[in-house]
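# Survey of secondary and tertiary structure
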Amino acid sequence: MTKQFIDRILATDAGLGPLALRIPIGLIFAAHGAQKLFGLFGGYGLEGTGQFFGSVGLNPGYLMAFLAGAAEFFGGLALIVGLLVRPAAASLAFAMLVAIFAVHWSKGFFAGAGGYEYALALFAASVSLLISGAGRYSVDRAVTSPGGSAFGSAGGASLHGAR
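Residues numbered from 1 in each chain as written. Predicted model: local features only at pLDDT ≥ 70, side-chain atom pairs only at ≥ 80, totals over all residues. Heavy atoms only, no water.

## Re the overall build of the protein chain
What counts is decided by this rule: Strands here are runs of E lasting at least two residues and helices are runs of H or I lasting at least four, both read from the DSSP assignment and numbered beginning at the N terminus. Type-normalised accessible area, obtained with a 1.4 Å probe on protein chains alone, sets the label of each residue: buried when under 20%, exposed when over 50%, and partly exposed for intermediate values. In this description, contact between two residues means that some pair of their heavy atoms is separated by no more than 4.5 Å.
Within the protein chain one finds seven helices and zero strands. In the protein chain, the order of α-helices and β-strands from amino to carboxyl end is α-α-α-α-α-α-α. Residues counted as buried form 37% of the 163 residues belonging to the protein chain. Partitioning the contacts of the protein chain with sequence separation of at least 6, the portion at a separation of at least 24 is 61%.

## Comments concerning helix H6 (residues 117-132)
Short version of the rule: Here, expected helix span is obtained from the residue count minus one, scaled by 1.5 Å. Taken from the helix axis, the directions to the C-beta atoms give the arc we talk about.
For H6, with 16 residues, the first-to-last C-alpha span of 23 Å sits near the 22 Å given by 1.5 Å per residue. If you check which residues of H6 are buried, you get Ala119, Leu122, Ala125, Ser126 and Leu129. The buried residues of H6 occupy an angular sector of 125° when the element is viewed end-on, so they sit on one face. Contacts made by the buried residues of H6 are with helix H2 (17-38), helix H4 (61-81) and helix H5 (85-104). Two residues or fewer past H6, Gly133 is found with a positive phi of approximately 85°.

## Here we look at the confidence of the model for the protein chain
For any part of a model where pLDDT is low, the fine detail of the predicted coordinates should not be relied upon. Defined as follows: pLDDT is defined as a per-residue confidence score from the predictor, taking values between 0 and 100.
Here the protein chain shows a mean pLDDT of 90. Residues at 70 or above account for 89%. Confidence drops under a pLDDT of 50 for residues 153-163, and excluding neighbours within four residues, the segment shows 14 contacts in the predicted structure.

## Considering a nonpolar patch on the surface
The condition is simple: Patches draw on residues past 30% relative accessible area with no salt bridge. Two like charges within 9 Å are joined, as are two nonpolar side chains (Val, Leu, Ile, Met, Phe, Trp, Tyr) within 5 Å. Exposure was quantified through the Shrake-Rupley algorithm and a 1.4 Å probe, taking into account, for residues, occlusion by the shown protein chains and nothing else. Salt bridges, as used here, are contacts in which a Lys or Arg side-chain nitrogen is within 4 Å of a carboxyl oxygen on Asp or Glu.
Together, Val81, Leu83, Leu84, Val139 and Val143 give the surface a local cluster of nonpolar side chains, amounting to about 390 Å² of exposed area. Structurally, Leu84 is set in the loop between H4 and H5.

## Things to note about the nonpolar core
The following threshold applies: What is meant by a nonpolar core is a set of buried Ala, Val, Leu, Ile, Met, Phe, Trp, Tyr and Cys residues, joined one to another through side-chain atoms within 4.5 Å.
Of all hydrophobic cores here, the largest spans 18 residues; its most connected members are Ile25, Phe29, Leu79, Val85, Met96, Leu122 and Leu129. Among the secondary structure elements, those contributing two or more residues to this core are H2, H4, H5 and H6. At eight residues, the largest contribution of residues to this core is made by H5. Sequence-distant contacts of Phe29, that is, excluding residues within four places in its chain, are made with Glu72, Phe73, Gly76, Leu79, Leu92, Met96, Leu122 and Ser126. Listed in part, the nine residues of the second largest apolar core include Ala34, Leu37, Leu58 and Ala65.

## What about unusual backbone geometry?
The omega torsion across Asn59 and Pro60 is -10°, close enough to zero to call that bond cis. Position of Pro60 among the secondary structure elements: in the loop between helix H3 (45-55) and H4. Even without a glycine there, the phi angle at Phe41 is positive, about 55°. Along the chain, the position of Phe41 falls in the loop between H2 and H3. On the basis of relative accessibility, which here comes to 61%, the residue Phe41 falls in the exposed class. Phi at Leu84 takes a positive value of approximately 55°, unusual for a residue other than glycine.

## Concerning H4
With 21 residues, H4 extends 30 Å between its outermost C-alpha atoms, agreeing within 8% with the 30 Å of an ideal straight helix rising 1.5 Å per residue. Residues Gly61, Ala65, Ala68, Gly69, Ala70, Ala71, Glu72, Phe73, Gly75, Gly76, Ala78 and Leu79 constitute the buried set of H4. Lining the buried residues of H4 we find H2, H3, H5 and H6. Residue Gly82 follows H4 closely and has a positive phi angle near 75°.

Written out as structure tokens, the structure reads:
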């Protein structure tokens, strides 16, 4: 890969807006991934999630559970720290599309009935981050900014001059 390609993936001119999405959406995805992978927070782990995935036609269930759990867990962590946000957001958006059409679509819109409302909101947040990038306070910005700091040229975390 060329440096230009990597810089293009990581580059972000966005202000503070993406930070307001990255942290809560990253926490949500990481927690859901931990449910699938490790059985934390009341989840069923790979075995139980794999059985469920197989029952809805996502076969092989165990592999699909691993892929979805890894995308959610590691993608969520990436959003939180602002590292490789565009690739993470792309994988999370794809995972939500699969969830919407494989599991939730037939149940209608509202989440209370098992519908796709919640997955659609997570999809929209992921697409927003895919478009905007990580934003001002992120590892991506630190790597690509001329000064090499996500916190501006002075190195402080001041919000003065933030967009």
